[in-house]
Amino acid sequence: MENPSCPWSWPHRVSGLQGVDVVPGEKSQPDQPQREDTPRRPGWRCSLLCSGPLLAVLSPVAAAAADTLTVTTPTGAAIQAALDRAAGDPGIDTVRLDAGVPFVVDSSLRVPTGVTLRGATDNPADTVLRYTGQDTAVLDLTDRSDVTLHGFTVDGSSGRAGIGVLAWGASRPSNNVHVEALDIRHIGNDAPGTDPHQFGVFFGGDVFDSTVTRTAITDINPGSEWSAGIRVAHGSSRNTFTHNTVTTTGRGGILANNDAADLYIAHNTIDDTGRAGNGRDFGLGIELWEGSDRSVVEHNVVDRWLSVDSSDGVAVRHNVVHGRGGPDAFAGLEFVSSEDFVASDNVVNGGSHLGISISGSGATRHGLFLRNVVRDADTWGIQVFGEAGGVEKLYFRENLFADTQPDGNTLYGSEGDAIRLLGNVDDLVFDANTIADNAGAAFADLSAGNPDVTFVDNEVEDNGNDATPQADAPLITTASLGDASVPSDPSPGWSTDGETLTLEFAGIAEATRVLWDLGEGAPLTTNHAGLPVALLRAGLTVSAVAWDADGGSAYAEFTAERLPEPAAWLLLGAAGVCLRPVRD
């Protein structure tokens, strides 16, 4: 028998709206998992079996399971009625869609702040919303916060929505919007006069601390040159996009622009982009544009063109640009008018005219290219084009540029060169790279307006022209680079609090700018060779490039490991040299 003093002990149904059941406590059932990375809603739960009002124990540690509305009538009107009821009842935080025939939705669904809309199970195929209307978006979260969409399919093939899920802080910021385990498909509107900017998910502006994860997005108006799987724009920052798949779009996979900063884009798979054009102009797998500063793009697999444009402090790591299918894109990796960036351990494997392109009317400087693999470009392995703002202070170490081969579809007249430098270029270093099996020259057009380019310890073989720059060639220098070290006798009794790791770079004057890649997160910069030890994490490799006031540069790499008590850090150099933290 149910105890009225502890109504949450046994799930039960009560009367509600037509086609809607109210299920107290249903969120706590096994098929309703709590988000691990989202705090529970405040509340109380009976923590012991209740035998009467005086024996009830209320614990603030485990929150109460709020009521769930289950929608059984398969119409958009029934869903919206349940959402509206949840908006007016603080005791209801979830609207759940019953399994069965598809829900026919003929107008935008507006999910209230603080409410979760979820499918019948964690499998989106079990709950389908078939959209038949002509509104801008199927799900409209404008000015909403603390909203979760979970576990259902959005099918726009019977309607004309241009956006699957729209979040936008129009009159106030939108925070904590979570799109997870959805299947969004067949979104697009080709009607005359329709805005061609069409997306599976669109964080339109001022959306913060939100996520899109484990979501499949496919067939987003392939005829529109602006359509994409996910777009985040206009100041929408601190957002995360992970473990999604995007296929078949007119333009791109995941696009960020206009001060959408501090993004984390990782473990996504993107294919069949650029369907609206020839691939060169529209096929962008991932793009950061105009102020997407301090963003991290890593462990993604894309079909073409990963671009960083006018965005500073960005890390691009461990991505694969495979280039399978469709016409060649302009580039595999691209950096335009950006500063303080790191590109490490990426693979560009065909499908691009230029394996790597570096250019832009603004300044492009203070960058590290480390252990990237570039193969099978059809025009140049890498282009460094210093336009009005110039390209300067870039460090290339242990990269592979191989198999650049003309295929009858090259971008420019000259073709097959591995490394091509043009225009206003200063203070570049090519250190320990491998340049092999390219049809054209290993190094092309280096003497015309390219001062202060240093080549050291590169392996050059089996290219159409293996000639390497000589020390007496105009404007070219060949030099040995110094290693980094630190004093071996730190002051006794140091601790991690307030301590600084100081590198002493040989072969350059005093470091005036250091770019640090800590192996995770965005790069850091300092105007000296010191880094707080507290920023290091055990087991990650740290890379640092230092520049002095004269443009000289040097590179250091080490791994940080935590030692047993007394707590200390051991910094292991590539040669086994112990690099110990010292006081400022």
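Residues numbered from 1 in each chain as written. Predicted model: local features only at pLDDT ≥ 70, side-chain atom pairs only at ≥ 80, totals over all residues. Heavy atoms only, no water.

Visitor: Any chance you could break down the side chain of Asn372 for me, citing the residues and the numbers?
Guide: Mapped onto the elements, Asn372 comes out in the loop between strand E37 (364-370) and strand E38 (373-375). At a separation of 3.4 Å, a polar atom in the side chain of Asn372 contacts the main-chain amide nitrogen of Asp345. Residues in contact with Asn372, not counting those within four places in the same chain, are Leu333, Ala343, Ser344, Asp345, Asn346, Glu398, Asn399 and Leu400. (Helix = DSSP H or I, 4+ residues; strand = E, 2+ residues; numbered from the N terminus. Polar contact = N/O pair within 3.5 Å; in protein donor to acceptor, adjacent residues only side chain to side chain. Contact = heavy atoms within 4.5 Å.)

Visitor: Tell me what's going on with the packing of aromatic side chains, and back it up with residues and numbers.
Guide: Counted according to the given criterion, the structure contains 12 aromatic pairs. On the basis of an interplanar angle of 45° and a centroid distance of 5.7 Å, the ring pair of Phe203 and Phe241 is categorised as tilted. Here Phe241 lies in strand E22 (residues 240-242) and Phe203 lies in strand E17 (residues 199-203), a separation of 38 residues in the sequence. Assigned by exposure class, Phe203 and Phe241 land together as buried. Look at Phe341 and Phe369: their rings are 5.7 Å apart centre to centre, the planes differ by 80°, and that puts the pair in the edge-to-face class. Remark: Phe369 occurs in strand E37 and Phe341 occurs in strand E34 (residues 339-344); sequence separation between them is 28 residues. Phe341 sits in the buried class, given a relative accessible area of 0%. (Phe/Tyr/Trp six-rings, centres within 6.5 Å; stacked < 30°, edge-to-face > 60°. Buried < 20%, exposed > 50% of the residue type's maximum accessible area, 1.4 Å probe, protein only.)

Visitor: Describe in detail the pattern of salt bridges, supporting the description with residues and values.
Guide: With the rule as written, the count across this model stands at 20 salt bridges. Across the pair Arg110 and Asp140 runs a salt bridge whose closest N-O atoms are separated by 2.7 Å. Residue Arg110 is found in strand E7 (residues 109-110), and its partner Asp140 is found in strand E10 (residues 137-142); the two are separated by 30 residues along the sequence. Arg110 sits in the partly exposed class, given a relative accessible area of 41%. Of the charged contacts in the structure, one is a salt bridge between Glu398 and Arg397, with a shortest N-O distance of 3.5 Å. (Salt bridge = Lys/Arg side-chain N within 4 Å of Asp/Glu carboxyl O.)

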